[in-house]
Amino acid sequence: MNRTDATVEQVEIESKEDDPLKKMLQCVLDDLSIAEQERTKYEEEWDRFQNMYKCILATGKYPWRSKVYDPEAYSIVETITPRITNTLLGGAEVFGIKPTGNEDVQKAENTERLLNYQSDRMNLYEHGGQGFNTSMVEGTGHWKFRWAKEFEPRYSEEPTLEPVMDENGQMVLNEDGIPESEVKVTYKKTFECVYDNPKLDWVDNRD
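This write-up is about the structure you can find in this document. Bear in mind that the values here come from a model prediction, so they are computed numbers and not experimental data. Sequence order as written defines the numbering, with residues in each chain counted from 1. With pLDDT at 70 or above as the cut-off, local features in this predicted model cover only qualifying residues; side-chain atom pairs require 80 or more to be listed or tallied, and sums for whole chains, interfaces and linings still use all residues. The basis for every side-chain value is the complete set of heavy atoms in the structure, and neither hydrogens nor water enter the calculation.

## A look at the overall build of the chain
- The way it works is that DSSP assigns letters per residue, a run of H or I at least four long becomes a helix, a run of E at least two long becomes a strand, and they are numbered from the N terminus. Along the chain, the regular secondary structure elements total 5 helices and 2 strands.
- Helices and strands appear in the chain in the N-to-C order α-α-α-α-α-β-β.
- Residue burial is assigned from relative accessible area. The probe radius is 1.4 Å, only protein chains are included, and a residue is buried under 20% of its type maximum, exposed over 50%, and partly exposed in between. The buried share of the chain, reckoned over its 207 residues, is 18%.
- Computed with the Shrake-Rupley method and a 1.4 Å probe, the accessible areas treat only the protein chains shown as cover for residues. Carbon and sulfur atoms make up 54% of the accessible area of the chain, which amounts to about 16,300 Å² in all.

Printed below as a string of structure tokens:
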């Protein structure tokens, strides 16, 4: 059956199947499915490593053994992780930019100051340390680097002059026949940007 013989409903179904957005969505879903299958192979090992790191015994595996657990893995990780973090992310100057020529000296200095300022703003030391800890325990660490804008609410008073109304909804007049008025305060809510910089998020391997 060619397209000229097809019904209107069949043509609509075929056009939906050729929708590029649908193909893009299916591509993303396929990638997520593959990623989940790949991650599942490592989750059992990650759990075993985490139990070793946290000194959690395998219940019922060796019931005749002593409950004493030597925290060797924990002590190794907690010794090496701070050293790696301090070496790579410690100090006021995390980044160093070297110019390639005399014309780049000022640009390199400005870029270096900007990167070190932003690393301090995003608390690079703390979030980077979390990833190093996971890398030491599970063998893999992930970070997500993005630009973030964070807002906080601000409230301001806005006084307005409004006429005084009686119980019947009529304006109250003074002795001179002029409407009386009173000041009423309304509160206006606005949002102020308190953070507009790069941000580094530690991502769990299971996420």
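## Section: the nonpolar core
- In this text, buried Ala, Val, Leu, Ile, Met, Phe, Trp, Tyr and Cys residues form a nonpolar core when linked through side-chain atoms within 4.5 Å. Formed by Leu 89, Met 122, Leu 124, Phe 132, Ala 148, Tyr 195 and Leu 200, the largest nonpolar core amounts to 7 residues.
- Broken down by secondary-structure element, the contributors of at least two residues to this core are α5 (124–138) and β2 (181–203).

## Overview of the environment of Leu 161
- Along the chain, Leu 161 falls in strand β1 (residues 142–163).
- Linking Leu 161 and Lys 184, residues 23 residues apart in sequence, is a C-alpha distance of 6.3 Å.
- Between two residues, a contact is recorded if the distance between any of their heavy atoms is within 4.5 Å. Those residues within four positions of Leu 161 in sequence are excluded, and the remaining contacts are Ser 181, Glu 182 and Val 183.

## Structural notes on the side chain of Gln 118
- For Gln 118, the position within the fold is in helix α4 (residues 105–121).
- Of the residues examined, Gln 118 reaches a relative accessible area of 11% and is grouped as buried.

## A closer look at the pattern of salt bridges
- One speaks of a salt bridge when a side-chain nitrogen belonging to Lys or Arg is within 4 Å of a carboxyl oxygen belonging to Asp or Glu. This model, assessed by the stated rule, comprises 13 salt bridges.
- Among the ionic pairs, Asp 204 bridges to Arg 206, the shortest N-O distance being 3.6 Å.
- Judged by its relative accessible area of 27%, Arg 206 falls in the partly exposed class.
- The structure contains a network of salt bridges with shared partners spanning Asp 47, Glu 138, Asp 204 and Arg 206.

## Brief notes about the packing of helix α3 (residues 72–89) against α5
- Axis geometry follows a simple rule: fit a line to the C-alpha atoms, using only the stretch in contact for helices, then measure angles between N-to-C directions, giving values from 0 to 180 degrees. Close contact between α3 and α5 brings their axes to 9 Å; oriented N to C, the two are set at 140°. It follows from the interaxial angle that α3 and α5 lie oblique. Once α3 is placed against α5, the crossing between them reads as right-handed. On α5, the residues that touch Val 77, Glu 78, Ile 80, Thr 81, Ile 84, Thr 85, Asn 86, Leu 88 and Leu 89 of α3 are Leu 124, Tyr 125, Gly 128, Gly 129, Phe 132, Asn 133, Met 136 and Val 137.
- Classification convention: Asp, Glu, Lys, Arg as charged; Ala, Val, Leu, Ile, Met, Phe, Trp, Tyr, Cys, Pro as nonpolar; all other residues, Gly among them, as polar. Class assignment of the residues belonging to the contact of α3 with α5 gives a composition of 10 nonpolar, 6 polar and 1 charged. By the definition adopted for this analysis, an angle is roughly parallel if under 35 degrees, roughly antiparallel if over 145, roughly perpendicular if from 65 to 115, and oblique otherwise. Here is the rule for handedness: rotate from the far helix to the near one, and if that takes an anticlockwise turn smaller than a right angle the crossing is left-handed, while a clockwise turn gives right-handed.

## Digging into a nonpolar patch on the surface
- Two joining distances apply to patches: 9 Å for like charges and 5 Å for nonpolar side chains (Val, Leu, Ile, Met, Phe, Trp, Tyr), and every residue must have over 30% relative accessible area and no salt bridge. Taken together, the side chains of Leu 25, Val 28, Leu 29 and Leu 32 define a hydrophobic patch exposed on the protein surface, amounting to about 380 Å² of accessible area.
- As for its placement among the helices and strands, Leu 29 is situated in helix α2 (residues 20–53).

## Quick word on the environment of Glu 162
- Mapped onto the fold, Glu 162 is located in strand β1.
- With 19 residues separating them along the chain, Glu 162 and Ser 181 place their C-alpha atoms 5.3 Å apart.
- Beyond its immediate chain neighbours, meaning those up to four positions away, Glu 162 contacts Glu 180, Ser 181, Glu 182 and Lys 184.
- Nitrogen and oxygen atoms within 3.5 Å of one another constitute a polar contact, given that in protein one can donate a hydrogen and the other can accept it, and given that sequence-neighbouring residues count only through two side-chain atoms. Here Thr 160 takes part through its side chain, which lies 3.5 Å from a polar atom of the side chain of Glu 162.

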